[in-house]
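Now for the letters of each chain:
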Amino acid sequence: MRTTRSLLLASTVLSGVVVMAPGPHAFAAPVQLEVLAQASPGNPAEDAKDRGQKKVPARPAAPKPPGPPLTHTPSARTPQPSHPPEGANVERRARPEPPKIQPSHANQPTGPRQTQVPQRTPQAPVMNKPHPAEVTPPGGRRNVVVQPKGKTQPPSPVVRGAPPSKSSPATAPSAAQRAVPHPPGSPAQPAAVVTRAPPPKGNPAAVPPPMQAISKSQFIAPKGQAPAPGMNAVRAERRETRQGNRLIIQEPSRTIIQEGNRTFIRHNEDDRFAVGARNVQVERHGDQTMTVVLRPDGVQIIDYDDNEGHFIRRVRRDRDGHEIVLIDNGFAGARADTMFLNLPPPVIHMPPDRYIVDADNANDALIYGVLVAQPVEQITQRYTLDQVRYNEPLRALMPRLDLEINFESGSWQLTSDQVDRLSVIAGALNRAIQRNPREVFLVEGYTDAVGSDVDNLSLSDRRAESVAVALTEQFGVPPENLVTQGYGKQFLKVQTDAAERANRRVAVQRITPLIDPQAVGMR
């Protein structure tokens, strides 16, 4: 009996030693068990053991029926990209898509709500492809060409750019590029975020070209909505710098220069060309910057600037590749920087109501006659576009049309009824351009004498731009045949410091004979 018990005890001890002996996978087993415990449901037998209860044998699981092929729907554990493809609006039946978050580096305005499908605008390091996560307020566009299956929304334009220059690293947008903030409780502002190419060296007054398409809602109030005032927000974004005896006031999309007794404003015409564009591309070619805007009709508008941001030339390229040079300042050479001229006012030998025509009270024939009229005096030389813009005696050589536009106070957005009043001028412009594709017309903005010089100058320049945008977007006037300029409360029609409706006006005049006399006789 003792021998049997001894053998049984020895067998038990040996069995314990064998069980406790470390094997090659002794340290891997606990990790494997932990993972399995996280990936599968709890075992009632193991739970009973941990509680010191009697071990219950695990019931075998029933066999599962074969599942569908794996090619049908991805598993819930299928890894997803951390950033979905740009523009992929994924529809989910079970839960709504979370709202999109605006970039945190810019104070984005909310903007008026649109009834149309919102288009988003890329925010990107300048002169580079915009980052897909950056968007603008409703009404802008983004660089998206991906069209989700089953969607009817048209693709947004592709925005391309050149690499950032070494002197202008890719950083967050500057104050002049960020959204314009507005005081709490004030009406929503029109979208004002525009991504621009790097500013040119040595010329802080230049406004770089845009690198994106722009929404027309910044210029034309959506139907059924009141125009959004914006001058308070523009003031908040102004930045002043001094360069010698020049005071440079920078604001979103504008630069105002005060030099001696002169105050004038600059903007970039490519902003207007980019309204509703299919594509905007900015390229560096040696010491020049070329901005190519592809319009919805397939026409390309190409503007060339020098390395200091001075405008050189504008070319129109149609869908067949044919080009027309509309404006060319290259003839001036070194004289291109001479903007201000000492010119006497012209002597007018025609009836005043034929020299300055009130478009509200004129018939179609008279309006068209002004837009194809010859100068009131013989022109002995050719002038640059800036010389025409900044010398009133030079512009006075051409008859003009005046049109009163009653903008809301502090706003540059047009309402639908104001847009309709432009139809008679638009028809005459289209007729004149069809007669001579190289015609160029200046759209001028004016305010009354109430308010500061700087505010009125900025407001009038934006209003002139809005009128030009409406002429293009609503009536098909080619944008490349127009230029715009604001003059604020200079050149009052009625000499008074009080609020005067007649002084709040827009003027349109032909400037082709001033900038290119050879183009006048072309048909």
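Figured I'd write up the structure that's included with this text. Worth saying up front: this structure is predicted, and the values here are computed from it rather than measured.

### Section: the overall build of the protein
Thinking step 1. Counting secondary structure elements, the protein contains 13 helices and 15 strands.
Thinking step 2. Of all 523 residues assigned to the protein, the portion counted as buried reaches 45%.
Thinking step 3. If you take every contact in the protein between residues at least 6 apart in sequence, the share linking residues at least 24 apart comes to 66%.
Thinking step 4. Accessible surface for the protein amounts to roughly 28,400 Å². Of this, 54% is attributable to carbon and sulfur atoms.

### Focus: the side chain of T415
Thinking step 1. Structurally, T415 can be placed in the loop between β12 (400-404) and α10 (416-420).
Thinking step 2. Judged by its relative accessible area of 16%, T415 is buried.
Thinking step 3. One polar contact links T415 to D417, side chain to side chain, over a distance of 2.3 Å.

### Some words on the sheet that holds strand β3 (residues 246-251)
Thinking step 1. Strand order across the open sheet formed by four strands is β2-β3-β4-β5, with antiparallel pairing between neighbours. Whereas interior strands pair on both sides, the edge strands pair on one side only; in this sheet they are β2 (239-243) and β5 (262-266). The mean inter-strand angle of the sheet, taken between neighbouring strand axes irrespective of direction, is 20°.
Thinking step 2. In this sheet, β3 lies alongside β2 in antiparallel orientation, the contact comprising five bridges. Across the sheet, R242 pairs through a bridge with L247, a residue of β3.
Thinking step 3. Sitting on the sheet, helix α12 (residues 453-475) touches β3, β4 (254-259) and β5, and the angle it makes with β4 is about 140°.

### Thoughts on the side chain of D448
Thinking step 1. Tracing the backbone through its elements, the reader meets D448 in the loop between β13 (441-445) and α12.
Thinking step 2. Residue classification places D448 among the buried residues on the basis of a relative accessible area of 7%.
Thinking step 3. Within the local environment of D448, its side chain forms a polar contact with the backbone nitrogen of V450, the two atoms lying 3.2 Å apart.
Thinking step 4. At 2.7 Å, the side chain of D448 and the side chain of R504 are in polar contact.

### Some details on the packing of aromatic side chains
Thinking step 1. Taken as a whole, this structure holds five aromatic pairs when the rule is applied.
Thinking step 2. The interplanar angle of 55° and the centroid separation of 5.1 Å between the aromatic rings of F264 and Y390 together place this pair among those described as tilted. Here F264, found in strand β5, pairs with Y390, found in the loop between α8 (385-389) and α9 (392-395); they are 126 residues apart in sequence, far enough to count as distant.
Thinking step 3. Looking at F264, the relative accessible area reads 5%, which means it is buried.

### As for helix α7 (residues 364-371)
Thinking step 1. Along α7, the residues classified as buried are I367, Y368, V370 and L371. When α7 is viewed along its axis, its buried side chains cluster within an angular range of 155° and face the same direction.
Thinking step 2. Where α7 is buried, its residues contact α6 (352-355), β11 (356-358), β12, α11 (423-435), β13 and β15 (505-510).

### A closer look at the pairing of β4
Thinking step 1. In terms of strand pairing, β3 meets β4 through six bridges, oriented antiparallel. Within β4, the position partnered with R246 by the bridge is E259.
Thinking step 2. Between β3 and β4, which follow one another and run antiparallel, lie two residues, and S253 among them has a positive phi close to 70°.
Thinking step 3. One ladder, built from five bridges, connects β4 with β5; its direction is antiparallel. By the bridge assignment, I257 is partnered in β5 with F264.

### Topic: the pairing of β13
Thinking step 1. Most of β13 is tucked away, with five of its five residues classed as buried.
Thinking step 2. Covered by surrounding structure in β13 are F441, V443 and G445 together with L442 and E444, the residues of both alternating faces.
Thinking step 3. Handedness of the crossover joining β13 and strand β14 (residues 482-486) through α12 is recorded here as right-handed.
Thinking step 4. Of the strand pairs in this sheet, β13 and β15 are connected by five bridges, and their pairing is antiparallel. Bridging across to β15, L442 finds its partner in Q509.

### Here's the deal with the sheet that holds β15
Thinking step 1. The five strands are arranged β11-β12-β15-β13-β14 in an open sheet whose pairing can be described as mixed. Bordering the open sheet on either side are β11 and β14, each of which pairs with just one other strand. Put simply, the sheet's adjacent strands are angled 25° from each other on average, direction ignored.
Thinking step 2. Contacts between α11 and the sheet are confined to β12, β13, β14 and β15, with β13 contributing the most and set at about 155° to the helix.

### Describing unusual backbone geometry
Thinking step 1. In this model, S253 sits at a positive phi of 70°, which is unusual for a non-glycine residue.
Thinking step 2. In this structure, S253 sits in the loop between β3 and β4.
Thinking step 3. Of note in this structure, F491 is not a glycine but carries a positive phi near 60°.
Thinking step 4. Here F491 shows up in the loop between β14 and β15.

The rules we used
Residues numbered from 1 in each chain as written. Predicted model: local features only at pLDDT ≥ 70, side-chain atom pairs only at ≥ 80, totals over all residues. Heavy atoms only, no water. Helix = DSSP H or I, 4+ residues; strand = E, 2+ residues; numbered from the N terminus. Buried < 20%, exposed > 50% of the residue type's maximum accessible area, 1.4 Å probe, protein only. Contact = heavy atoms within 4.5 Å. Areas by Shrake-Rupley, 256 points an atom, 1.4 Å probe, with all protein chains shown as cover. Polar contact = N/O pair within 3.5 Å; in protein donor to acceptor, adjacent residues only side chain to side chain. Pairing = 2+ DSSP bridges. Axes fitted to C-alpha atoms, helices over the stretch in contact; angles between N-to-C directions. Phe/Tyr/Trp six-rings, centres within 6.5 Å; stacked < 30°, edge-to-face > 60°. Arc of directions from axis to C-beta. Right-handed = clockwise from strand over helix to strand, strands pointing away.

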